[in-house]
Amino acid sequence: MAYTIREVVSYLEQIAPPAYQESYDNAQLITGNPQAVVQGILCTLDATEEVVQEAIALGCNMIVAHHPIVFKGLKSFTGRNYVERTIILAIKHDIAIYAIHTNLDHVAHGVNKKICDLLGLEKTKILAPKKGILSKLVTFVPKNATEQVLQALFAAGAGEIGEYSSCSFLLDGTGTFTPSQKANPHIGSPGKPHEEPETRIEVLLPSHVERQVLSALKLAHPYEEVAYYMQSLENEHQEVGAGMVGELAVPMSGEAFLVHLKQSMDLKVVKHTKLLAKEVSKVVVCGGAGIFLLSQAKKSGAQFFITSDVKYHEFFDAENQIVICDIGHYESEIYTKELLADILSQKFTNIALYLTKVVTNPITYI
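Residues numbered from 1 in each chain as written. Predicted model: local features only at pLDDT ≥ 70, side-chain atom pairs only at ≥ 80, totals over all residues. Heavy atoms only, no water.

Side note on the overall build of the protein chain
Looking only at helices and strands, one finds 12 helices and 15 strands in the protein chain. Summarising its shape, the C-alpha atoms of the protein chain cover approximately 85 × 55 × 40 Å along the three principal directions. Burial statistics for the protein chain: of 366 residues in total, 49% are counted as buried. The long-range fraction of contacts in the protein chain, counting pairs at least 24 apart against all pairs at least 6 apart in sequence, stands at 72%. When the accessible area of the protein chain is evaluated, it comes to approximately 18600 Å², of which 51% is carbon and sulfur surface. Seen as two clouds, the 31 positive and the 40 negative side-chain charges of the protein chain have centres 4 Å apart. (Helix = DSSP H or I, 4+ residues; strand = E, 2+ residues; numbered from the N terminus. Buried < 20%, exposed > 50% of the residue type's maximum accessible area, 1.4 Å probe, protein only. Contact = heavy atoms within 4.5 Å. Areas by Shrake-Rupley, 256 points an atom, 1.4 Å probe, with all protein chains shown as cover. Lys, Arg positive; Asp, Glu negative; His and termini not counted. Charge placed at Lys NZ, Arg CZ, Asp CG, Glu CD.)

Below, the structure is given as structure tokens:
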């Protein structure tokens, strides 16, 4: 079976919805014809000229990258910098570039979970869950149609809370209405008051699927006019947010954990603050630049905070409450290409998937 670029993008956006990306981000299809048939996919942290050349050599017409090659608007395409040259080369050879960035950072099965798995951390959970991305739908359904409406809502993406699905609140009551002479009521008669045993249904849903959930509601609901209201919530979404905290199966000393960290993630160097005089049992991770999470990391009770791009004066903020480890931006996210290949292989078993062999790290060590 052949798949189009649009179908691959649609699948990835189910895994990490674009609505979960930060406002500054550009996670989307950056180049490429969505209708083109996928010949092969190259997974990478960065989409650079050399990576595009690698895709051409492999016969891949799609690159799935973690970092967007384009963050802000381009006003010309003259090849004056690596961003423009990469885009020109990709377009010239019909290579699609898709970026899946902070939205993949923010899902519970994303970048930070990959780091936790590498370190053998258990009982993982989002460190700083996002607020304002959940909604509540309330609607009223005749009792004999309750199940069909519920199933339609669940299929459209409502009713999932953490590891639980098909979640709802149901309350029996009585609906009253009088159809006009022009109405075509499913129950009752025009011009006559009517009482009907109804079920009040309440379900939670991610705000970005409101439209499809309402569409499913209206298709499944038997009434000519559907009574409902949608409410935005400030509740934290426990499965979406920044950073991740987990526990070691067996606590170890700070020195031993540093060795474990370096070996597990194949690091050349680890910059860190002073070790604490206590065993390491809980660890916070954040791929990429995550020092903005330091306060939450301290409150979590973790002994180590692993991230990157920490400035000199920010190391002082550890204040002997936690060990800050800067392992490098590239090093903290390089295993994302493996994560992407794993995600894609679950769906597209007949598409050739490759991990880039290009080292895109702009930093070298001696």
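Things to note about the side chain of T356
Tracing the backbone shows T356 in the segment after β15 (353–355). Contacts of T356, omitting those with residues within four sequence positions, involve L42, C43, T44, V51, E54 and K337.

Section: the environment of I41
Along the polypeptide, I41 turns up in strand β2 (residues 41–44). Between the C-alpha atoms of I41 and A96, which are 55 residues apart in sequence, the distance is 9.3 Å. Excluding its chain neighbours within four sequence positions, the residues that come into contact with I41 are V8, C60, M62, V64, L344, I351, A352, L353 and Y354.

Things to note about helix α2 (residues 49–58)
When α2 is considered as a whole, its buried residues turn out to be V51, V52, E54 and A55. Projected onto a plane normal to the axis of α2, the buried residues spread over an arc of 155 degrees and lie on a single side. Looking at α2, the residues exposed on the side facing more than 90 degrees away from the buried face are E50 and A57. Close packing links the buried residues of α2 with β2, β3 (62–65), α3 (82–92), β4 (96–99) and β15. (Arc of directions from axis to C-beta.)

What about the nonpolar core?
Ranked by internal contacts, the top residues of the largest apolar core, which has 28 residues, are V8, I41, M62, V64 and L104. Of all the elements in the fold, those that place two or more residues in this core are α1 (5–15), β2, β3, β4 and α12 (336–345). The next biggest cluster of nonpolar side chains, apart from the first, holds 27 residues, and it includes L121, M265, V280 and I334. (Core = buried A, V, L, I, M, F, W, Y, C linked by side-chain atoms within 4.5 Å.)

Regarding unusual backbone geometry
Non-glycine residue D266 carries a positive phi angle of around 55 degrees. Position of D266 relative to the elements: it lies in the loop between α8 (254–264) and β11 (271–272). The phi dihedral of D309 is positive, around 60 degrees, even though this residue is not glycine. Accessibility expressed as a relative area gives 39% for D309, which makes it partly exposed.

Describing the environment of I187
Topologically, I187 is positioned in the loop between β7 (169–177) and β8 (194–206). For I187, a relative accessible area of 16% puts it in the buried group. Between the C-alpha atom of I187 and that of M1, which follows or precedes it by 186 residues, the distance is 46 Å. Leaving out residues up to four positions away in the same chain, I187 has contacts with P142, F177, H194, E196 and Y223.

Re helix α5 (residues 111–119)
Structural remark: α-helix, 3.6 residues per turn; residues separated by three or four positions point the same way. Considered for burial, the residues of α5 that qualify are V111, N112, K114, I115, C116 and L119. Two residues or fewer past α5, G120 is found with a positive phi of approximately 75 degrees.

Observations regarding the packing of aromatic side chains
Note on aromatic pairs: each is described by the distance of the centres and the angle between the planes. Taken as a whole, this structure holds five aromatic pairs when the rule is applied. Plain terms: the ring middles of Y11 and F348 are 5.4 Å apart, the flat faces sit at 90 degrees to each other, and that makes the pair edge-to-face. Here Y11, found in helix α1, pairs with F348, found in the loop between α12 and β15; they are 337 residues apart in sequence, far enough to count as distant. For the ring pair Y312 and F316, a centre distance of 5.4 Å and an interplane angle of 80 degrees mean the geometry is edge-to-face. Classification of Y312 as exposed rests on a relative accessible area of 58%. Three or more aromatic residues joined by ring pairs make a cluster, and in this case those are Y3, Y11 and F348. (Phe/Tyr/Trp six-rings, centres within 6.5 Å; stacked < 30°, edge-to-face > 60°.)

Focus on the sheet that holds strand β1 (residues 29–31)
The strand order across the open sheet formed by five strands is β1-β4-β3-β2-β15, and the pairing between neighbours is mixed. One side of each edge strand has no neighbouring strand; the edge strands of this open sheet are β1 and β15. Across the sheet, the mean angle separating the axes of adjacent strands is 25 degrees when strand polarity is ignored. Pairing between β2 and β3: four bridges, direction parallel. Residue pairing across strands places C43 opposite V64, the latter belonging to β3. (Pairing = 2+ DSSP bridges. Axes fitted to C-alpha atoms, helices over the stretch in contact; angles between N-to-C directions.)

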